[in-house]
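These are the residues of each chain, in order.
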Amino acid sequence: CEGFLQYDNKVLFIEMKDIPKARGGWIADARKKFEETILSFKEHHPALISSLIKPILCNPSFPGPHPNETIQKKILKDKIGLEFIRQDSIII
């Protein structure tokens, strides 16, 4: 996971990719990174668990929906209780 932002009593994790359609495994890789990072965060910061919001996955080289996106979102939700949001860009 690239990192997280903490603001307004919320915690937002962000994963950034820049991988074109030719390499389709990036979305499963991103989901695994969210899983690992957020589970560790929950273990080490239990008081902040209720502050977690849906993590954001950004890949500007792959606009539009990924064919495996719905499945990866469900896997993440089953494992950490949140599904990710996918965007083509992030503005902070």
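Owing to the predicted nature of the structure, the values given are computational and were not obtained by experimental measurement.

S.K.: Honestly, the sheet that holds strand 1 (residues 3-7) in this entry has me stumped. Any pointers?
M.R.: In any sheet, the strands associate via hydrogen bonds between backbone groups, in a parallel or an antiparallel arrangement. The four strands lie next to each other as 1-2-3-4, forming an open sheet whose pairing is mixed. Because the sheet does not close on itself, it has two edges, and the strands there are strand 1 and strand 4 (85-87). Each neighbouring strand pair of the sheet contributes to a mean axis angle of 25 degrees, computed without reference to strand direction. Here strand 3 (residues 56-58) runs beside strand 4; their pairing, made up of three bridges, is parallel. When the sheet's bridge partners are listed, Cys-58 is paired in strand 4 with Gln-87. Strand contacts of helix 1 (residues 26-44): strand 1, strand 2 (10-16), strand 3 and strand 4, with the helix running at about 150 degrees to strand 2, the strand carrying the most contacts.

S.K.: Mind showing me how you'd approach the pattern of salt bridges here?
M.R.: If charged atoms from side chains of opposite charge come close, those side chains can pair. Summed over all chains, the structure comprises eleven salt bridges. As a salt-bridge pair, Glu-35 and Arg-31 come within 2.6 Å of each other at their nearest N and O atoms. With Glu-35 and Arg-31 both in helix 1 and four residues apart, this pair spans about one turn of that helix. Across this residue pair, the class does not change: Glu-35 and Arg-31 are buried.

S.K.: How should the pairing of strand 1 be read in this particular structure?
M.R.: Two faces make up the sheet, and in a regular strand the side chains alternate between them. In this sheet, strand 2 lies alongside strand 1 in antiparallel orientation, the contact comprising five bridges. Considered in strand 2, the bridge of Gly-3 is made with Ile-14.

S.K.: Would you explain the nonpolar core in this entry?
M.R.: Grouped burial of nonpolar side chains is what soluble globular proteins tend to show. Counting residues in hydrophobic clusters, the biggest one holds 16 residues, and the most contacted among them are Phe-13, Trp-26, Phe-34, Ile-38, Leu-52, Leu-57 and Phe-84. Taken together, the elements giving at least two residues each to this core come down to strand 2, helix 1 and helix 2 (69-80). No other element matches the six residues that helix 1 contributes to this core. Ignoring sequence-local partners within four residues, the contact set of Phe-34 consists of Cys-1, Phe-13, Ile-14, Glu-15, Leu-39, Pro-55, Ile-56, Leu-57, Leu-76 and Phe-84.

S.K.: Would you take a moment to explain helix 2 for this structure?
M.R.: An α-helical segment advances 3.6 residues per turn. Residues three or four places apart therefore align on the same side. The first and last C-alpha atoms of helix 2 sit 16 Å apart over twelve residues, in line with the 16 Å expected at 1.5 Å per residue. Of all the residues in helix 2, the buried ones are Glu-69, Gln-72, Lys-73, Leu-76 and Ile-80. Viewed along the axis of helix 2, the buried residues span an arc of 100 degrees, placing them on a single side of the element. Turned more than 90 degrees away from the buried face of helix 2 sit Thr-70, Lys-74 and Asp-78, all of them exposed. The elements touched by buried residues of helix 2 are helix 1 and strand 4. Following helix 2 by one or two positions, Gly-81 adopts a phi angle in the positive range, close to 90 degrees.

Criteria and cut-off values
Residues numbered from 1 in each chain as written. Predicted model: local features only at pLDDT ≥ 70, side-chain atom pairs only at ≥ 80, totals over all residues. Heavy atoms only, no water. Pairing = 2+ DSSP bridges. Helix = DSSP H or I, 4+ residues; strand = E, 2+ residues; numbered from the N terminus. Axes fitted to C-alpha atoms, helices over the stretch in contact; angles between N-to-C directions. Contact = heavy atoms within 4.5 Å. Salt bridge = Lys/Arg side-chain N within 4 Å of Asp/Glu carboxyl O. Buried < 20%, exposed > 50% of the residue type's maximum accessible area, 1.4 Å probe, protein only. Core = buried A, V, L, I, M, F, W, Y, C linked by side-chain atoms within 4.5 Å. Expected span 1.5 Å × (residues − 1). Arc of directions from axis to C-beta.

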